[in-house]
Amino acid sequence: MESLIPTINRLQEVFLTVGAEIIQLPQIVVVGSQSSGKSSVLESLVGRDFLPRGSGIVTRRPLVLQLINVAPPKERLKIESGVKAEEWGTFLHCKNQIFTDFQEIRREIESETERSSGDNKGITAEPIYLKIFSPKVLNLTLVDLPGITKVPVGDQPEDIEAQVQEMILSFISNPNSLILAVSPANSDLATSDALKLAREVDPDGRRTLLVVSKLDLMDAGTDALEVLLGRVIPVRLGIIGVVNRSQHDINTQKSLEDSMKDEQAFLQRHYPSLASRAGSRYLAKTLSRLLMHHIRDCLPDLKTRVTVLSSQYQARLNSYGQPVEDHSATLLQIVTKFASDYCNTIEGTARYIQTSELCGGARICYIFHETFGRTLQSIDPLGGLTELDILTAIRNATGPRPALFVPEVSFELLVKRQIKRLEEPSLRCVELVHEELQRIIQHCSSFSTQELLRFPKLHDSIVEVVTGLLRKRLPITNEMVHNLVAIELAYINTKHPDFTDAAQVSASVNSQQAEALDGGKRWKNEKVAEEKALAAGFGSPSKGQAINLLDTAVPVSRKLSAREQRDCEVIQRLIKSYFLIVRKSIQDSVPKTVMHFLVNFVKEHLQSELVGQLYKQPLLQELLIESQDTAQQRTEVAQMLEALKKANNIISEIRETHLW
């Protein structure tokens, strides 16, 4: 199990190369308020002074600290002859540079912090990665975060407290992290900021270890025994007390070895029952043990996560395609694929079928049989045609002579007026189909032909060509639909087999009127009613007044005579009968016309039109220029995939027997 922590360190290095944090690796996150003794605790784990010190916020960037146990120099020379120092450190941002002087490590941390965060005590979430190699340390991975502060100092931002807490929560929210909460013994544990933040993300305390620092600074006559025994605030992973170096020890450069001896002596005097379970050495062993067991528990899920991400990134990389080598073949392939997807969307055999709305051929079918069909069915054959309009047409068709029969000219005049009303919904049907064919272009671009998205200019050119083809076919299709209505208007076929015979209609109307009227008085009443109607309609001229019949207005409404009612009803029945015949014909012919002149034509000529317009040598290089985003994303995804493969290999090196 000792190899687990170095394995996590290797995984951390792998993912750092691609600058990603998609894998939440097990690590120990150190949390505490300002001057809680965090830095002293970390230095006691390393055994050397290397962290910046001072007033206010000193740690202003996360410090990812990897402690790596190495063999002593004499035993190491055979393997690592390049480094002869007993202890040394390296920074990720200082490649191939080895720091054997720990004071230089401190200065490098300060300069790197100022480079990124400035010298105004502001903070930044960009970590500093430091490795320390020593035979005196245990394998550990820790993250030191800025201390929790309450009041901004100097030119710090007003929301410095919120910034620090947000940064801390971003690290400890990782479910694979252990939380090392540092709280001084000379303050009330119930008000510990570190424990408060830890409880927010780890309410059960399963990932939290509490370190009570500064045991030697408690008031006289008091001790932390109840706290260390977990009777004040229980913590699942335990509570460990430590004695930090005082400022006087730091100023006099007292060695950490001497400080640890004094720490053990203090614990033996004041906490003899807990001396073996307290102190910096015990803390280091406990952290190493906890981290190894935590890694062991996280490793199966970690392996699964790496495997799943590898599959996802491989799919993403495949979607970006390979860099273009043969421009001609690539263009033909994309154009052919787009044309095929376009036609398949119309036919309903597309690979990507939408489930949220109708599209393609299904939508065209809906337009034909639902939208267009219902619109025609809703048109009243006699809509906009009053009885007075019919009577006026009959009289205009007879001229100066009274008509003995209903004139055929009036029927044709009126029925053509009604048939003309079918033209507008027919042209609207063409427009709706044209709009759907336009929508199919975007559908194919978004879902079917992912390769096309790599080349913005080619995509725009294909859209332009298809749109132009549709634009050319639209007026032709409109003209043909217009001709369908014009054909119906050109000849009123009263001998159509489905058309009701006029004589039968007239006889039927007469028989109905005969039943309603008294047979003997019908003619007399009709003559009287007709005379009264003429008198009411045209009035009686006054004596001595000039009469201009052309200026006399026809009354808007009046009671029709029996004969007028008969003639109107005959015309109405004939118009309705013939209109239904024409409507049925138009409802059948318009979809066929649209399919032939627009939809099928586009399907048959789309690929040849695209090849003819785009397959030109001067355009190949220009059309197949990848967008910068696509090229950059392909590179990033390829790097991430390579990192995931390395991570998978590193995890696979761990034998299952090493986990137990």
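See the structure shown above.
Values in this document were obtained by computation on a predicted structure and should not be read as measured data. (Residues numbered from 1 in each chain as written. Predicted model: local features only at pLDDT ≥ 70, side-chain atom pairs only at ≥ 80, totals over all residues. Heavy atoms only, no water.)

Enquirer: Explain the environment of Val235 to me, and be specific about the residues and the numbers.
Expert: In this fold, Val235 is placed in the loop between α7 (225-228) and β9 (239-241). Remark: the alpha-carbon pair of Val235 and Asp204, spanning 31 residues in sequence, is separated by 8.6 Å. (Helix = DSSP H or I, 4+ residues; strand = E, 2+ residues; numbered from the N terminus.)

Enquirer: Run through the side chain of Arg106, naming residues and quoting values.
Expert: Turning to its location among the elements, Arg106 is positioned in helix α4 (residues 102-117). Leaving out residues up to four positions away in the same chain, Arg106 has contacts with Glu43, Asp49, Phe50, Leu51 and Pro52. (Contact = heavy atoms within 4.5 Å.)

Enquirer: Can you tell me about unusual backbone geometry, naming the residues and giving the values?
Expert: Non-glycine residue Lys214 carries a positive phi angle of around 60°. By secondary structure assignment, the location of Lys214 is in the loop between β8 (208-213) and α7. On the basis of relative accessible area, Lys214 is assigned to the buried category, the value being 18%. (Buried < 20%, exposed > 50% of the residue type's maximum accessible area, 1.4 Å probe, protein only.)

Enquirer: Could you give me a rundown of the sheet that holds strand β1 (residues 27-32), with the residues and numbers involved?
Expert: Pairing is mixed across the open sheet formed by nine strands, whose spatial order is β4-β3-β5-β2-β6-β1-β7-β8-β9. The open sheet terminates on both sides in strands that have one partner only, identified here as β4 (98-99) and β9. Relative to strand β6 (residues 140-144), strand β2 (residues 63-69) runs antiparallel, the two sharing five bridges. Of the residues in β6, the one forming a bridge with Leu67 is Leu140. Sitting on the sheet, helix α6 (residues 193-201) is in contact with β1, β7 (177-184) and β8, with an inclination near 155° to β7. (Pairing = 2+ DSSP bridges. Axes fitted to C-alpha atoms, helices over the stretch in contact; angles between N-to-C directions.)

Enquirer: Describe the packing of aromatic side chains, naming the residues involved and giving the relevant values.
Expert: With the rule as written, the count across this model stands at four aromatic pairs. Ring geometry for Trp88 versus Phe133: centroids 4.9 Å apart, planes at 10°, classification stacked. Of this pair, Trp88 sits in strand β3 (residues 88-91) while Phe133 is found in strand β5 (residues 128-134), placing the two residues 45 residues apart along the sequence. What makes Trp88 buried here is its relative accessible area of 4%. According to the relative accessible area criterion, Phe133 is buried, its value standing at 15%. Note on Phe338 and Tyr342: the rings are 6.2 Å apart at their centroids and 35° apart in plane angle, and the pair reads as tilted. Here the residue Phe338 and the residue Tyr342 both occupy positions in helix α11 (residues 327-347), the gap between them amounting to four residues, near one helical turn. Just as Phe338 is buried, Tyr342 falls in that class too. The positively charged end of Arg473 is found above the aromatic ring belonging to Phe601, 3.6 Å away from the centroid. (Phe/Tyr/Trp six-rings, centres within 6.5 Å; stacked < 30°, edge-to-face > 60°. Lys NZ or Arg CZ within 6 Å of the ring centre and 35° of its normal.)

Enquirer: Give a detailed account of helix α9 (residues 256-270), specifying residues and quantitative values.
Expert: Between the first and last C-alpha of α9 there are 21 Å, a value that for 15 residues agrees with the 21 Å anticipated at 1.5 Å per step. When we look at burial in α9, the residues that qualify are Leu256, Ser259, Met260, Glu263, Phe266 and Leu267. Each buried residue of α9 lies within a common arc of 120° when the element is viewed along its axis, so the set occupies one face. Residues of α9 that are exposed and point more than 90 degrees away from the buried face comprise Lys261 and Arg269. Those residues of α9 that are buried are in contact with α2 (38-46) and α10 (280-320). (Expected span 1.5 Å × (residues − 1). Arc of directions from axis to C-beta.)

Enquirer: Please set out α10 residue by residue, giving values where relevant.
Expert: Compared with the 60 Å implied by 1.5 Å per residue over 41 residues, the 53 Å span of α10 between its first and last C-alpha is markedly short. At Leu299, α10 shows its largest kink, close to 45°, and the proline Pro300 lies no more than four residues downstream. Gly321 sits one or two positions beyond α10 and adopts a positive phi of about 70°. (Bend = angle between axes of the 7 residues up to and from the residue.)

Enquirer: Give me the nonpolar core: which residues, what numbers.
Expert: By size, the foremost hydrophobic cluster in this structure holds 67 residues, and its most contacted members are Tyr342 and Leu437. Ranked by the residues each element gives to this core, the list is headed by helix α19 (residues 562-614), at 18 residues. In contact with Tyr342, other than residues within four places in its own chain, are Leu437, Ile440, Ile441, Cys444, Val466, Leu470, Val602 and Leu606. Counting residues in each nonpolar core, the second largest holds 61 residues, with Leu42, Leu63, Leu287 and Leu641 among its members. (Core = buried A, V, L, I, M, F, W, Y, C linked by side-chain atoms within 4.5 Å.)

These figures capture arrangement, not role.
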